[in-house]
2 protein chains.
Amino acid sequence: MSMEIPYKIYLEEKEMPAQWYNVRADMKNKPAPLLNPGTMKPITLDELTPVFCEELARQELDDTTPYIDIPEEIRNFYKMYRPSPLTRAYCLEKALDTPAHIYYKFEGNNTSGSHKLNSAIAQAYYAKQEGLKGVTTETGAGQWGTALSMACSYFDLDCQVYMVKVSYEQKPFRREVMRTYGAKVTPSPSMDTNVGRKINEEFPGTTGSLGCAISEAVEAATTQDGYRYVLGSVLSQVLLHQSIIGLETKTALDKYGIKADMIIGCAGGGSNLGGLISPFAGEILRGEADYQIIAVEPASCPSLTRGSYRYDFCDTGKVCPLAKMYTLGSGFIPSANHAGGLRYHGMSSVVSQLYEDGYVEARSVGQTDVFQAAQQFAKVEGILPAPESSHAIRVAIDEALKCKQTGEAKNIVFGLTGTGYFDMVAYQKFNDGDMTDYIPTDAEIESSLAKLPTI
Amino acid sequence: MSMEIPYKIYLEEKEMPAQWYNVRADMKNKPAPLLNPGTMKPITLDELTPVFCEELARQELDDTTPYIDIPEEIRNFYKMYRPSPLTRAYCLEKALDTPAHIYYKFEGNNTSGSHKLNSAIAQAYYAKQEGLKGVTTETGAGQWGTALSMACSYFDLDCQVYMVKVSYEQKPFRREVMRTYGAKVTPSPSMDTNVGRKINEEFPGTTGSLGCAISEAVEAATTQDGYRYVLGSVLSQVLLHQSIIGLETKTALDKYGIKADMIIGCAGGGSNLGGLISPFAGEILRGEADYQIIAVEPASCPSLTRGSYRYDFCDTGKVCPLAKMYTLGSGFIPSANHAGGLRYHGMSSVVSQLYEDGYVEARSVGQTDVFQAAQQFAKVEGILPAPESSHAIRVAIDEALKCKQTGEAKNIVFGLTGTGYFDMVAYQKFNDGDMTDYIPTDAEIESSLAKLPTI
């Protein structure tokens with residue numbers, strides 16, 4: 001192909017995906033089923049619907065339908081901030097003096113600042129369709145809470161967000177964005193729920209964790225009429241919605257005849273990574289193409305590279321279903337020095353199974369190295385990346401530098417999940433030279449895993 | 001035309017403007033010349049070059065060349081974050097139930113968060129071409145300083161930013177973005193310059209003003225070897241660079257056969273408004289078309305609607321050239337309750353002359369009304385707008401509601417200059433119901449104007 005590749009590839013509206021892609025349909029080894037925490041047996045649709053909206057529960061359990069129509073109202077909302085650009089990083093290539101071609105799919109051009117809006121709008125839509133009054137959720141770094149606030153505001157749904165207390169206090173601006181969109185934001189653990197009161201009693205002065213906040217949000221959903229709980233990552237339904245990222249990326253690459261050699265994504269709960277890689281993993285699974293897929297996780301929370309593949313609780317309060325996943329143990333809390341998201345103890349069961357089966361490899365990277373990559377990227381590509389996204393940048397740069405040594409002109413594609421505008425406390429630490437790295441010891445991880453049920 | 005109009009109109013790279021448009025060339029009544037503050041005579045190129053880069057000084061004085069080539073390196077940088085989308089506000093139209101068609105040109109999809117980068121990259125480019133070591137500037141709300149930091153980082157130029165002290169303290173995150181891009185940020189008034197020390201002595205504990213910061217930056221530029229001063233608004237060179245906004249808007253509208261009825265922009269120093277309207281004003285001036293053009297300014301700093309058209313200093317220290325402009329007097333400082341930018345005492349001499357000649361009309365709007373419009377827009381269009389941009393949103397909504405009464409399907413185009421992610425202190429005040437409005441009295445404005453020189 002001799003077509004000149006522009007800096008930014010924008011799809012036309014008519015080229016935007018009309019269906020999500022469900023990679024589970026093409027997996028020979030399906031992700032293990034969710035278990036009911038009461039019976040420890042595979043959970044049924046009827047058991048899921050008191051917590052989740054019915055259509056979302058159905059999507060959660062569906063591992064056979066490859067394509068699912070995106071309802072028109074969601075497609076219209078997508079048109080407000082999508083397609084997101086696939087950008088050729090010409091300036092980064094030049095700065096690195098690499099023969100590699102680097103592309104990034106940028107999901108930060110919306111007010112939630114990340115890809116989270118892709119699933120938030122879908123979940124809010126189905127809640128509205130079901131006639132609900134509102135939804136509850138948790139948020140850590142704040143992107144998911146912001147995205148859900150925006151989505152609920154659009155459909156005129158009530159939105160109750162339990163925000164990990166340390167973030168609530170350290171990120172007042174995130175909180176204000178959510179309030180501007182009409183959400184009720186409560187620091188977690190709160191005194192509003194049984195589980196919150198219990199945690200506050202047991203650990204006075206605790207600054208909270210994502211696992212606690214999930215438990216509170218689930219309790220709030222199941223004790224109020226007309227409410228359901230929604231979650232921004234980990235779940236298979238979320239990966240389904242996030243497949244829009246990978247589908248657009250694939251269409252944009254195809255349009256210019258570009259064959260990716262590797263796909264790189266940061267991985268916390270797996271929502272961005274899973275969405276980005278789904279169509280590519282599907283091609284591998286169907287034997288149509290081959291790609292190197294790399295999940296990048298923080299060295300301080302290394303569920304894939306140092307965790308164990310087994311059943312674990314999704315939340316601290318043990319009210320949610322159990323999932324089989326690579327996990328550090330649901331009691332694992334990453335060091336406080338770790339910035340941004342990617343703090344979840346486990347990994348999406350879809351991504352976990354693809355990793356287990358060798359379709360995905362994983363790398364863990366240190367925090368200071370990540371911020372160095374973030375700054376280098378920001379200076380030449382003009383976007384200040386989120387700390388989460390910068391994990392993928394780190395590995396993309398490393399791979400491009402390898403290409404410089406070998407002379408290979410590989411096509412490197414990575415997911416730039418969002419912007420770092422609300423993470424300036426971390427950037428300030430980096431600018432001041434005060435950033436530190438923390439790597440958990442083997443003993444820490446072993447002790448956390450030892451507390452898991454044996455299933 | 002029956003072509004369906006997409007939510008977002010993105011130009012292709014090849015459709016992007018290769019030249020800036022200089023509206024002064026088509027003005028019969030040219031803007032009055034800048035005056036040398038020493039001689040009070042029209043300033044010459046030789047007198048301007050100790051302060052400004054030579055090419056920029058030339059652009060400042062050129063009121064006859066209609067089109068000026070955009071150098072290739074600048075066009076390449078533009079390709080990283082441009083073309084900016086022209087968005088059809090379908091959701092806002094639906095929420096307002098108006099027959100009007102509303103379009104906005106969104107300039108916030110870059111890390112500076114605003115249109116300011118369009119001129120920053122041009123000014124940094126010419127500084128680099130001239131072999132300078134670096135540039136100095138001032139910043140108030142912080143968008144301009146951030147944009148210039150990004151541009152200087154790209155061309156490896158030193159960047160020294162004098163940031164109004166109140167913003168430096170209240171917007172530490174803006175400061176950190178600039179530092180991440182390698183800029184040196186100094187709170188103004190500082191003790192580093194003569195003018196800063198003098199102001200600190202005269203007004204102990206002052207939190208600074210844009211006029212003071214300009215004076216400090218100019219002094220810093222003229223007392224260091226290899227430095228020049230750059231400014232982000234007001235100047236005619238800045239409007240020239242910002243014409244990219246209007247040119248892209250015009251091309252996008254033409255592509256779909258849309259004839260704008262009115263163009264609305266917020267107006268502080270006039271850089272966004274001037275850039276947005278330039279090609280449209282050019283058509284009016286050449287007798288080719290007619291548009292209603294509306295400049296929207298804050299009621300707390302109403303230079304066009306309540307100021308006087310006369311020569312004034314551009315800065316508090318009176319070291320800059322004088323410009324003939326609509327002004328509230330260079331000593332005027334807007335009430336501290338006013339959020340965001342649009343705090344400058346005067347208005348671009350180009351915009352002032354177009355207003356004087358009746359090509360542009362002006363409206364002033366109150367702060368609470370502006371934030372109401374901002375929130376309404378954010379909820380349906382998914383973008384949290386900057387307080388500055390929200391002035392234009394306010395009037396666009398007002399005009400769309402008038403169309404609802406009259407049944408007219410007008411095409412309303414407005415400039416959405418940027419995002420409000422660093423303005424959450426103001427949004428918090430609004431969310432808490434603590435926002436107040438302030439309108440200066442006639443006596444305040446008269447007393448400020450009475451201090452101006454008679455020319």
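Details of the structure are given in the entry above.
The structure presented is a predicted model; accordingly, all values stated were derived computationally and were not measured. Every residue gets a number counted from 1 within its own chain, in the order that chain's sequence is written. Chains and ligands are labelled by the order in which they are written, letters from A for the one and numbers from 1 for the other. Residues qualify for local features only when their pLDDT is at least 70, as the model is predicted, and side-chain atom pairs are given and counted only at 80 or more; totals for whole chains, interfaces and linings, by contrast, use all residues. Values shown for side chains rest on all heavy atoms present in the structure; no hydrogens or waters enter the calculation.

**Q** How would you sum up the overall build of chain A? Please name residues and give values.
**A** What counts as a helix is a DSSP run of H or I of at least four residues, what counts as a strand is a run of E of at least two, and both are numbered from the N terminus. Looking only at helices and strands, chain A has 18 helices and 15 strands in total. Relative to the globule expectation of 23 Å for 455 residues, the C-alpha radius of gyration of chain A, 20 Å, shows essentially globular dimensions. Over its C-alpha atoms, taken along the principal directions, chain A stretches across nearly 60 × 50 × 45 Å. Only protein chains enter the area calculation, which uses a 1.4 Å probe; residues under 20% of their type maximum are buried, those over 50% are exposed, and those in between are partly exposed. For chain A, the proportion of its 455 residues judged to be buried stands at 67%. Taking contacts inside chain A between residues at least 6 apart in sequence as the whole, the part at least 24 apart equals 76%. The method behind every accessible area is Shrake-Rupley, applied with a 1.4 Å probe, and residues are considered shielded solely by the protein chains displayed. Surface exposure of chain A reaches about 15400 Å², of which carbon and sulfur atoms provide 48%. Positive and negative side-chain charges in chain A, numbering 42 and 55 respectively, have mean positions lying 1 Å apart. The quantity called the radius of gyration is restricted to C-alpha atoms. Its globule counterpart is 2.2 Å times the number of residues to the power 0.38. Whether two residues are in contact is decided by their heavy atoms: any pair within 4.5 Å suffices. When charges are counted, neither His nor the chain ends are considered; positive counts come from Lys and Arg and negative counts from Asp and Glu. Just so you know, the charge point we use is NZ for Lys, CZ for Arg, CG for Asp and CD for Glu.

**Q** Kindly report on the sheet that holds strand β6 (residues 134–139) of chain B, identifying the contributing residues and their values.
**A** Residues and elements named next belong to chain B. Following DSSP output, two strands are said to pair if at least two bridges run between them. A sheet is described by the order of its strands in space; here four strands give the open sequence β8-β7-β6-β9, paired in parallel fashion. Both edges of this open sheet fall to β8 (184–188) and β9 (227–229), since each of them pairs with a single strand only. Neighbour to neighbour, the strand axes of the sheet diverge by 25° on average, direction disregarded. Examined bridge by bridge, β6 and strand β7 (residues 158–164) share six bridges and lie parallel to one another. Bridge pairing links E138 to Y162 in β7. Between the N-to-C directions of two axes lies an angle of 0 to 180 degrees, each axis being a line fitted to C-alpha atoms and, for a helix, fitted only over the stretch in contact.

**Q** A description of the relation of the copies chain A and chain B should follow, citing residues and the corresponding values.
**A** Its rotation angle being 180°, the transformation that places chain A on chain B also includes 0.0 Å of axial translation and leaves an RMSD of 0.0 Å. One copy is carried onto the other by what is essentially a two-fold rotation axis. Among all C-alpha atoms of chain A, that of N109(A) lies closest to the rotation axis, at 3.1 Å. A high fraction, 100%, of the interface residues of chain A reappear at the interface in chain B, so the copies pair face to face through one surface. The copies are overlaid by a least-squares fit using only the C-alpha atoms of residues whose pLDDT is at least 70 in both copies.

**Q** I'd love a proper account of the packing of helix α15 (residues 367–381) of chain A against helix α17 (residues 424–431) of chain A, names of residues and values included.
**A** Residue and element names in this part refer to chain A. Their axes nearest at 11 Å, the elements α15 and α17 cross at an angle of 100°. Classified by the interaxial angle, the pair formed by α15 and α17 is roughly perpendicular. On the side of α15, the interface is formed by T368, F371, Q372, A374 and Q375, while α17 contributes A426, Y427, F430 and N431. Only Asp, Glu, Lys and Arg are considered charged, only Ala, Val, Leu, Ile, Met, Phe, Trp, Tyr, Cys and Pro nonpolar, and every remaining residue, Gly among them, polar. Residue composition of the contact of α15 with α17, grouped by class: five nonpolar, four polar and no charged. Under this scheme an angle from 65 to 115 degrees is roughly perpendicular, one under 35 degrees roughly parallel, and one over 145 degrees roughly antiparallel; angles in between are oblique.

**Q** Provide a residue-level description of the pairing of strand β13 (residues 322–327) of chain A, including the pertinent values.
**A** Residue and element names in this part refer to chain A. Among the six residues in β13, five count as buried, and that is most of the element. Looking at chain direction, strand β12 (residues 308–313) and β13 are connected through six bridges and run antiparallel. Residue pairing in the sheet places R310 in a bridge with M325 of β13.

**Q** Could you give an account of the interface of chain A and chain B, naming the residues involved and the relevant values?
**A** Facing 41 residues of chain A, the contacting portion of chain B comprises 41 residues. Buried area between chain A and chain B, summed over both chains or domains, comes out near 4100 Å², and the portion from carbon and sulfur atoms is 57%. On the chain A side of the contact with chain B, M80(A), T180(A) and Y421(A) bury the most area, a combined 17% of that side's loss. When a carboxyl oxygen of Asp or Glu is within 4 Å of a side-chain nitrogen of Lys or Arg, the pair counts as a salt bridge. Summed over the shared surface of chain A and chain B, the number is two salt bridges. Across the pair D432(B) and R179(A) runs a salt bridge, and its minimum N-O distance is 2.8 Å. Here a polar contact is taken to be a pair of N or O atoms separated by no more than 3.5 Å, where protein atoms must pair a possible hydrogen donor with a possible acceptor and residues adjacent in sequence count only if both atoms sit in side chains. Joining chain A to chain B, the criterion identifies 20 residue pairs in polar contact (both at pLDDT 80 or more). What counts as buried area is the accessible surface, traced by a 1.4 Å probe, that two parts surrender upon association, with contributions from both included.

**Q** Residues and numbers for helix α5 (residues 117–129) of chain A, please.
**A** All names here are of chain A. To estimate how far a helix should reach, multiply one less than its number of residues by 1.5 Å. The first and last C-alpha atoms of α5 sit 18 Å apart over 13 residues, in line with the 18 Å expected at 1.5 Å per residue. Among the residues of α5, those classed as buried are L117, N118, S119, A120, I121, A122, Q123, A124, Y125, Y126 and A127. Of the surrounding secondary structure, the elements contacted by the buried residues of α5 are β2 (19–21), α2 (54–61), α3 (72–81), β6 (134–139), α6 (143–155) and α11 (236–255). Note on α5: the residue one or two positions beyond its end, G131, has a positive phi of about 80°.

**Q** Got a sec to walk through unusual backbone geometry? Specific residues and values, please.
**A** Put simply, S188(A) and P189(A) share a cis peptide bond, and its omega is 5°. In this structure, P189(A) sits in the loop between β8 (184–188) and α9 (194–202). Notably, D97(B) is not glycine yet its phi reads approximately 55°, a positive angle. Since its relative accessible area comes to 53%, D97(B) is described here as exposed. The backbone phi angle of V234(B) is positive, close to 65°, even though this residue is not glycine. You can see V234(B) is positioned in the loop between β9 and α11 (236–255).

**Q** Requested: an account of the pattern of salt bridges, with residues and values cited.
**A** For the structure shown, the criterion picks out 44 salt bridges over all chains. Between R286(B) and D26(B) there is a salt bridge whose closest N-O contact spans 2.9 Å. Within this pair, whereas R286(B) is found in the loop between α12 (271–285) and β11 (292–298), its partner D26(B) is found in the loop between β2 (19–21) and α1 (45–48), the two being separated by 260 residues in sequence. A relative accessible area of 21% places D26(B) in the partly exposed class. Each of R82(A), K105(A), E107(A) and E248(A) takes part in one network of salt bridges that share partners.

**Q** Describe the packing of helix α5 (residues 117–129) of chain B against helix α6 (residues 143–155) of chain B, listing the residues and the values that go with them.
**A** All names here are of chain B. Two numbers describe how α5 lies on α6: the axes approach to 8 Å, and their chain directions differ by 40°. The angle between the axes of α5 and α6 places the two elements in the oblique class. Crossing geometry of α5 relative to α6 is assigned as right-handed. For the pair formed by α5 and α6, the contact residues are L117, S119, A120, I121, Q123, A124, Y125 and K128 on the first element and W144, A147, L148, M150, A151, C152, Y154 and F155 on the second. Handedness of a crossing follows from how the near helix is turned relative to the far one, being left-handed for an anticlockwise turn of less than a right angle and right-handed for a clockwise one.

**Q** A description of helix α8 (residues 172–180) of chain A should follow, citing residues and the corresponding values.
**A** Residues separated by three or four positions in an α-helix point in the same direction, a consequence of the helix having 3.6 residues per turn. All names here are of chain A. Judged by how many residues are buried, α8 sits mostly within the fold: seven of nine residues are covered. For α8, the complete set of buried residues consists of F173, R174, R175, E176, V177, M178 and T180. With its phi angle positive at about 90°, G182 sits one or two positions after the end of α8.

**Q** Go over the nonpolar core with me, naming the residues and quoting the values.
**A** We call a set of buried Ala, Val, Leu, Ile, Met, Phe, Trp, Tyr and Cys residues a nonpolar core when their side-chain atoms join them within 4.5 Å. With 242 residues, the main nonpolar core has W20(A), I264(A), F414(A), W20(B), I264(B) and F414(B) as its most contacted residues. Aside from chain neighbours lying at most four places away, what touches F414(A) is I102(A), Y103(A), Y104(A), K105(A), I264(A), L276(A), F377(A), A392(A), I393(A) and A396(A).

**Q** Any details on the side chain of T186(B)? Residues and values, ideally.
**A** Within the secondary structure, T186(B) is located in strand β8. For T186(B), the contacting residues outside a window of four places in its chain are V161(B), Y162(B), M163(B), Y168(B) and D192(B).

**Q** Describe the packing of aromatic side chains, and please don't skip the residues or the numbers.
**A** Any pair of Phe, Tyr and Trp rings, taking the six-membered ring for Trp, is counted once the centres come within 6.5 Å. Such a pair is stacked with planes under 30 degrees apart, edge-to-face with planes over 60 apart, and tilted for the rest. Under the defined criterion, the tally for this structure stands at 39 aromatic pairs over all chains. Centre to centre, the rings of F371(B) and Y427(B) are 5.1 Å apart; their planes meet at 75°, and the pair counts as edge-to-face. Pair noted here: F371(B) is in helix α15 (residues 367–381) and Y427(B) is in helix α17 (residues 424–431), with a separation of 56 residues, a long-range link. Overall, F371(B) belongs to the buried group, its relative accessible area being 2%. Take Y427(B): its relative accessible area is 0%, and that puts it in the buried class. Every member of this aromatic cluster is reached through a ring pair, and the members are F77(A), Y78(A), Y81(A), Y125(A), Y126(A), Y154(A) and F155(A). We count a charge as sitting over a ring when the NZ of a lysine or the CZ of an arginine lies within 6 Å of the ring centre and within 35 degrees of the ring normal. Directly above the aromatic system of Y309(A) lies the positively charged group of K324(A), at a separation of 4.6 Å from the ring centroid. For R175(B), the ring lying beneath its charged end belongs to Y168(B), and the centroid distance is 4.8 Å.

**Q** Outline the sheet that holds strand β7 (residues 158–164) of chain A, supporting the account with residue identities and numerical values.
**A** All names here are of chain A. The sheet built from four strands is open, its strands ordered β8-β7-β6-β9 with parallel pairing. Among the strands making up the open sheet, the edge pair consists of β8 and β9 (227–229). Across the sheet, the mean angle from the axis of one strand to that of its neighbour is 25°, orientation sign disregarded.

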